[in-house]
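# Understanding the architecture of this molecule
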Amino acid sequence: PVLRAVELVVGSGEAVAIIGRNGAGKSTFLGCITGDRLPDEGKVRISGLDPFADPVAVAECIGFVPEQPFLYGELTIGETIDFVADARRMQRPHARREASRLLALLGMHNAERLLCRELSQGMGRKVALVIALLHGPRLIVLDEAFNGLDQASAAGLAEELDLRRSAGAAVVMSSHDLEFLANHCERGLLLAPNATATLLEGDAWRRWRETPTLDPA
């Protein structure tokens, strides 16, 4: 198995890092949280809900940016935002205002008329972030979401995540930038290629922050 006996509880306002080398199971673990991957055994609960038994209700709680976001290339950014807003039963005026604010935060002010197929990888990731944050999710799951972002956009996103956390949202994120994880997360889950997992908290997390590594102690 890719993962074995992984246990993690994330509370309101927390930021938890998912750490590990390529192939250690980070994306698999995050996919199990969001309901995109079905575990062989065990259970997942999001605000008490089962993502496999009640995916619609869980989707209302989660904002997810996968490592390789998908956008409909024939839609503009604005049309994509409207599509997502309608799917989430949001009022379009509110969704458009929030999307405009988030796009500006990520350096894409007035970009709504751009076609998604014309976006660079970094711009596409920014649109995926806007979509994920649009409905004010209680759990934000980011799989390498800072990849391809310029420094100003990364700083703006980090500030936005801090604001969301202060309002009660939880953040679970993976990144190859270990220093970023050390500076922005309060705990970590270190996954190893042999399917073992080590929860880093308290003194163990403080030691890891001093010398971030992908290898278990």
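Because the structure is a prediction, the values reported are computed rather than measured. (Residues numbered from 1 in each chain as written. Predicted model: local features only at pLDDT ≥ 70, side-chain atom pairs only at ≥ 80, totals over all residues. Heavy atoms only, no water.)

## Considering the overall build of the protein
Within the protein, the regular secondary structure consists of eight helices and six strands. Secondary structure elements of the protein occur, N-terminal to C-terminal, as β-α-α-β-α-α-α-β-α-β-α-β-β-α. Computed over C-alpha atoms, the radius of gyration of the protein comes to 17 Å, within 12% of the 17 Å expected from 2.2 N^0.38 for 217 residues, which places it in the range of a compact globule. Within the span of the protein, comprising 217 residues, buried residues form 47% of the whole. For the protein, the accessible area works out to roughly 11300 Å², and carbon and sulfur atoms hold 50% of it. In the protein, the 23 positive side-chain charges and the 29 negative ones have mean positions that sit 2 Å from each other. (Helix = DSSP H or I, 4+ residues; strand = E, 2+ residues; numbered from the N terminus. Rg over C-alpha atoms; globule rule 2.2 N^0.38 Å. Buried < 20%, exposed > 50% of the residue type's maximum accessible area, 1.4 Å probe, protein only. Areas by Shrake-Rupley, 256 points an atom, 1.4 Å probe, with all protein chains shown as cover. Lys, Arg positive; Asp, Glu negative; His and termini not counted. Charge placed at Lys NZ, Arg CZ, Asp CG, Glu CD.)

## Considering the sheet that holds strand β4 (residues 170–174)
Pairing between the strands of a sheet is mediated by backbone hydrogen bonds and can be parallel or antiparallel. Here six strands make up an open sheet; going across it, the order is β2-β3-β4-β1-β5-β6 and the pairing mixed. The sheet is open, and its two edges are formed by β2 (62–65) and β6 (197–200), each paired on a single side. Pairwise comparison of adjacent strand axes, ignoring direction, gives a mean angle of 15 degrees for this sheet. Where strand β5 (residues 187–191) meets β6, four bridges bridge the pair, whose relative direction is antiparallel. Pairing of Leu-189 across the sheet is with Leu-199, part of β6. (Pairing = 2+ DSSP bridges. Axes fitted to C-alpha atoms, helices over the stretch in contact; angles between N-to-C directions.)

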